[in-house]
Structure formats: structure tokens, C-alpha cells
Amino acid sequence: MKLDKIHHVAIIASDYEKSKKFYTELLGFSVIRENYRKERGDYKLDLRLGECELELFGIPGSPKRLSYPEACGLRHLAFAVDNVEKTARELNARGIETEPIRLDTFTGKRMTFFHDPDGLPLEIHE
């Protein structure tokens, strides 16, 4: 078996419009396609960032995600950047709070976290 790369990551949002704006207008993802699935009563938005795709679902009544304490499953989504400080300043200028920048113990590279509208941890890493 040969797996080439990760094709996409899927996220369920509690407020579809708020999350759509966050990922497109604030983080710069481009819209591939957007569909309302009448039979399910939800939205499915396919987004692109570089070669990676993100599926954003707006499913009414979905339970809240556990982040603290951390639960099993997807822990966070990480984005590669050239300069963590510069990117953190850009996020802050867009009203997105970031944690203090720290060094990754294993790689020695700078990194920090921020969160999407539902509290999903997102990381920027050099």
C-alpha cells in the first residue's frame, strides 16, 4: 500500500457562517465548493490552503468538542509558516488571540497555538 498524502481534514462547526468567515476571511482558505445537503439539513464547505483541503460542516445540534481535558481523537491542526512571530502578529491584528510563542522541545522550532470559533486548537509552526 502507498499513501501519498493527506487529502483533507474535516471539521464540524457549531456556527457555520462564523466558522466559514474565520477560515476564509481571516485565515485565507479559498472556497472550492459549498453545498447545502437538504436530506441532512446541513452545509458542507470544501476549502483549500495550498495543496491541502479542509471540509467544514455546519451540522445543527452537534455536541460541543472536548478540549479540556483533552479527549481522544484529533488533537489539533498545524500550519507551517516561515515566521511564527510575524504570523502571530497578523493573527492578533485580525482579532485572533495566540498563546505565547515557545520552542518545540523535539524540533527546536518556534510554535504557538490559537483556536477556531469552536475552540479547536490550531497551531502555527516554523
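No experiment lies behind these values; they were computed from the predicted model shown.

What counts and what doesn't
- Residues numbered from 1 in each chain as written.
- Predicted model: local features only at pLDDT ≥ 70, side-chain atom pairs only at ≥ 80, totals over all residues.
- Heavy atoms only, no water.
- Helix = DSSP H or I, 4+ residues; strand = E, 2+ residues; numbered from the N terminus.
- Rg over C-alpha atoms; globule rule 2.2 N^0.38 Å.
- Buried < 20%, exposed > 50% of the residue type's maximum accessible area, 1.4 Å probe, protein only.
- Contact = heavy atoms within 4.5 Å.
- Phe/Tyr/Trp six-rings, centres within 6.5 Å; stacked < 30°, edge-to-face > 60°.
- Pairing = 2+ DSSP bridges.
- Salt bridge = Lys/Arg side-chain N within 4 Å of Asp/Glu carboxyl O.

A tally of regular secondary structure across the chain gives two helices and eight strands. The linear arrangement of helices and strands in the chain, starting from the amino end, is β-α-β-β-β-β-α-β-β-β. Taking 2.2 N^0.38 as the reference for a compact globule, 126 residues should give roughly 14 Å; the C-alpha atoms of the chain span a radius of gyration of 15 Å, in line with that estimate. Across its three principal directions, the C-alpha atoms of the chain cover 50 × 40 × 30 Å. Relative to its 126 residues, the chain shows a buried fraction of 35%. Of all intrachain contacts in the chain linking residues separated by at least 6 positions in sequence, the fraction that spans at least 24 positions is 48%.

Let us look at the packing of aromatic side chains. Evaluation of the coordinates by the stated rule reveals five aromatic pairs. Both rings, one in Tyr-23 and one in Phe-29, keep their centres 5.7 Å apart while their planes meet at 80°; by these two values the pair is edge-to-face. One exposure class covers both Tyr-23 and Phe-29, and it is buried. Put simply, the rings of Phe-22, Tyr-23, Phe-29 and Phe-79 touch in pairs and so form one group of aromatic residues.

Bringing helix H1 (residues 16-26) into the picture now. Among the residues of H1, those classed as buried are Tyr-16, Ser-19, Phe-22, Tyr-23 and Thr-24. Elements in contact with the buried residues of H1: strand S1 (8-13), strand S2 (30-37), strand S3 (42-49), strand S4 (52-58), strand S7 (110-115) and strand S8 (121-125). Directly after H1, the chain includes Gly-28, whose backbone phi takes a positive value near 90°.

Let's shift gears to the pairing of strand S5 (residues 77-80). Only one face of S5 is buried: it carries Leu-77 and Phe-79, and the other face, with Ala-78 and Ala-80, is open. Relative to S8, S5 runs parallel, the two being bridged by four bridges. Of the residues in S8, the one forming a bridge with Leu-77 is Leu-122.

Let us now look at the pattern of salt bridges. Enumeration according to the criterion identifies ten salt bridges in this entry. Between Lys-44 and Glu-55 there is a salt bridge, with the nearest N and O atoms lying 3.4 Å from each other. Placement of the pair is Lys-44 in strand S3 and Glu-55 in strand S4, with a sequence separation of eleven residues. A residue is classified by how much of its surface remains accessible, and Glu-55, at 15% relative accessible area, is buried. For Arg-110, the salt bridge goes to Glu-126, with nearest N and O atoms at 2.6 Å. With Arg-110 in strand S7 and Glu-126 in the segment after S8, this pair connects stretches of sequence that are 16 residues apart. Glu-126 sits in the partly exposed class, given a relative accessible area of 28%. Salt bridges sharing partners connect three or more residues here, namely Arg-33, Lys-44, Asp-46 and Glu-55.

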